[in-house]
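Summary of the model geometry
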Amino acid sequence: MTTEPGLRPEEEPRGTLTVRTIAMPADTNANGDIFGGWVMSRMDQAGGIAGVDRAQGRVVTVAVEAMTFIRPVKVGDVLSVYTVVESVGRTSMKIQVEAWAKRFRTTLHEKVTDATFTFVAIDEEGRPRPVPASGGA
């Protein structure tokens, strides 16, 4: 593990591995790095999966707080996204989402970004509904 500003050398992913995928050439910008939006989309997907599990039903993303891209993701890297339900309100929940890259052809595993996503549980008509008291799956 490399030591970068803002990261402790002993830092490990926090939470449950929720999404794992490989970065492909079609996902790159003109510089050859993976689009930040592609990474954010995988993070939103992972947060949504964790939110559905916790809310025991449909959820929608309503906010993303303080996403900072620490390192680029490159073609061939395996992106692993981890989630932790940080807090639950009446209809909403905050889910901490971390994205880590296992670098292509190496054993290096580096944190590339993190953010807090807020999801709201919704009913079949798309209206907010209470999040159940217990977590489900």
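Source: prediction; values computed, not measured.

Examining the overall build of the chain
The number of helices and strands found in the chain is one helix and five strands. Taking 14 Å as the expected radius of gyration for a compact globule of 137 residues, we find that the chain reaches 16 Å, a close match to that expectation. Based on the C-alpha atoms only, the size of the chain along its principal axes is roughly 45 × 35 × 25 Å. Counting every position in the chain, which comprises 137 residues, the buried fraction comes to 41%. Pairs at least 24 residues apart make up 70% of the contacts formed inside the chain by residues separated by at least 6 positions. In the chain, which carries 16 positive and 17 negative side-chain charges, the distance between the mean positions of the two groups comes to 2 Å.

Some words on the sheet that holds strand 3 (residues 78-88)
Reading across the sheet, the five strands line up as 1-3-4-5-2 and stay open at both edges, with antiparallel pairing between neighbours. Unpaired on one side and paired on the other, strand 1 (16-22) and strand 2 (59-69) mark the two borders of the sheet. The average undirected angle you get between the axes of adjacent strands in this sheet is 25°. The sheet contact formed by strand 3 and strand 4 (residues 92-102) spans 10 bridges and is antiparallel. Along strand 4, the bridge assignment pairs Val81 with Ala99.

Focus: the packing of aromatic side chains
Tallied over the entire structure, the rule returns one aromatic pair. Seen from their ring centres, Phe117 and Phe119 are 6.2 Å apart, and the 15° between their planes marks the pair as stacked. With a relative accessible area of 1%, Phe117 lands in the buried category.

Let's talk about the environment of Asn31
Examined against the element boundaries, Asn31 turns out to sit in the loop between strand 1 and helix 1 (36-55). The sequence separation of Asn31 and Thr113 amounts to 82 residues, and the corresponding C-alpha distance is 19 Å.

Side note on the pattern of salt bridges
One pass over the structure, following the stated rule, counts 11 salt bridges. Put simply, Asp77 and Arg103 hold a salt bridge, and the shortest N to O gap is 2.6 Å. Remark: Arg103 occurs in the loop between strand 4 and strand 5 (109-121) and Asp77 occurs in the loop between strand 2 and strand 3; sequence separation between them is 26 residues. Taking the shortest distance from any N to any O, the salt bridge between Arg127 and Glu125 comes out at 3.2 Å. On the basis of relative accessible area, Arg127 is assigned to the partly exposed category, the value being 48%. According to the relative accessible area criterion, Glu125 is exposed, its value standing at 57%. Through salt bridges with shared partners, a single network forms among Glu11, Glu98, Lys111 and Asp114.

Some words on the nonpolar core
Counting residues in each nonpolar core, the largest one holds 24 residues, and the members touching the most others are Val39, Met43, Val73, Leu79, Val81, Met93 and Ala99. Secondary structure elements with two or more residues in this core: helix 1, strand 3, strand 4 and strand 5. Looking at which element gives the most residues to this core, the answer is helix 1, with six residues. Residues within four places of Met43 in sequence aside, it is in contact with Met67, Val81, Val97, Ala99, Thr113, Asp114, Ala115 and Phe117.

Some words on the confidence of the model for the chain
In this model, the chain carries a mean pLDDT of 92, and residues with pLDDT of at least 70 account for 91%. Predicted confidence is poor over residues 1-7, with pLDDT under 50, and the contacts of this stretch with residues over four places away or in other chains come to 14 contacts.

Rules used throughout
- Residues numbered from 1 in each chain as written.
- Predicted model: local features only at pLDDT ≥ 70, side-chain atom pairs only at ≥ 80, totals over all residues.
- Heavy atoms only, no water.
- Helix = DSSP H or I, 4+ residues; strand = E, 2+ residues; numbered from the N terminus.
- Rg over C-alpha atoms; globule rule 2.2 N^0.38 Å.
- Buried < 20%, exposed > 50% of the residue type's maximum accessible area, 1.4 Å probe, protein only.
- Contact = heavy atoms within 4.5 Å.
- Lys, Arg positive; Asp, Glu negative; His and termini not counted.
- Charge placed at Lys NZ, Arg CZ, Asp CG, Glu CD.
- Pairing = 2+ DSSP bridges.
- Axes fitted to C-alpha atoms, helices over the stretch in contact; angles between N-to-C directions.
- Phe/Tyr/Trp six-rings, centres within 6.5 Å; stacked < 30°, edge-to-face > 60°.
- Salt bridge = Lys/Arg side-chain N within 4 Å of Asp/Glu carboxyl O.
- Core = buried A, V, L, I, M, F, W, Y, C linked by side-chain atoms within 4.5 Å.
- pLDDT = per-residue confidence, 0-100.

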